[in-house]
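# A look at the structure
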Amino acid sequence: MEDRIILEYPISPDDFTRAGEASSDVKKKLKQMGIPPEIIRKVAIAMYEGEINMVIHAQGGKITVEILADAVTMILQDRGPGIPDVELAMQAGYSTAPEEIRNLGFGAGMGLPNMKKYSDEMDIQTTLGVGTTITMVVRL
């Protein structure tokens, strides 16, 4: 394996038809690299949840994935409204998703809790009116 692989994915706001493409691509690449299935599963779930959050709540953004010999790091940067209360947002079932999003089957309030559950480390940096950067690490 190369020492370091960097993948970048632009995320479009409100584009549910393409939501999940980035996490699917990373999953496929990790499989090709022979990464164990349980690691791939953790990365895919954590990244998918973040990707969906960016589509629902942010005005788009970018996901950068860094694959090293010992870890996969996902950096999700958006230009959204920011998270007013991170502690509240981390509670399972808490959601600010509008009704029309919930009717599509999204916005159940499990995004951030699942991102934390399936990553070994998670850091949230958020500024109201500017955006949010979430860094997740899954160790190999």
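Above: the structure in question.
All values reported here derive from a predicted model rather than from experimental measurement.

## So, the environment of Met-54
Relative to the assigned elements, Met-54 resides in helix 2 (residues 37-57). Owing to a relative accessible area of 3%, Met-54 belongs among the buried residues under this scheme. Along the primary structure Met-54 and Gln-77 are separated by 23 residues, whereas in three dimensions their C-alpha atoms are 8.5 Å apart. In this view, Met-54 contacts Ile-11, Gly-60, Gly-61, Lys-62, Ile-63, Leu-76, Gln-77 and Asp-78; residues no more than four positions away in its chain are not counted.

## A closer look at unusual backbone geometry
Located in the positive-phi region is Asp-14, a residue other than glycine, with phi close to 60°. Here Asp-14 lies in the loop between strand 1 (4-11) and helix 1 (21-32). Classification of Asp-14 as exposed rests on a relative accessible area of 56%.

## Brief notes about the pattern of salt bridges
In this structure the tally under the stated criterion is seven salt bridges. Measuring nitrogen to oxygen at the nearest pair gives 2.5 Å for the salt bridge that ties Glu-66 to Arg-4. Of this pair, Glu-66 sits in strand 2 (residues 61-68) while Arg-4 is found in strand 1, placing the two residues 62 residues apart along the sequence. Among the ionic pairs, Lys-29 bridges to Asp-25, the shortest N-O distance being 2.8 Å. Residue Lys-29 and its partner Asp-25 are located together in helix 1, separated by four residues, close to a single helical turn. Overall, the relative accessible area of 26% leaves Lys-29 in the partly exposed class. One connected set of salt bridges, linked through shared partners, spans Asp-25, Lys-28 and Lys-29.

Rules used in this analysis
Residues numbered from 1 in each chain as written. Predicted model: local features only at pLDDT ≥ 70, side-chain atom pairs only at ≥ 80, totals over all residues. Heavy atoms only, no water. Helix = DSSP H or I, 4+ residues; strand = E, 2+ residues; numbered from the N terminus. Buried < 20%, exposed > 50% of the residue type's maximum accessible area, 1.4 Å probe, protein only. Contact = heavy atoms within 4.5 Å. Salt bridge = Lys/Arg side-chain N within 4 Å of Asp/Glu carboxyl O.

Such coordinate-based values are descriptive only and should not be taken to indicate function.
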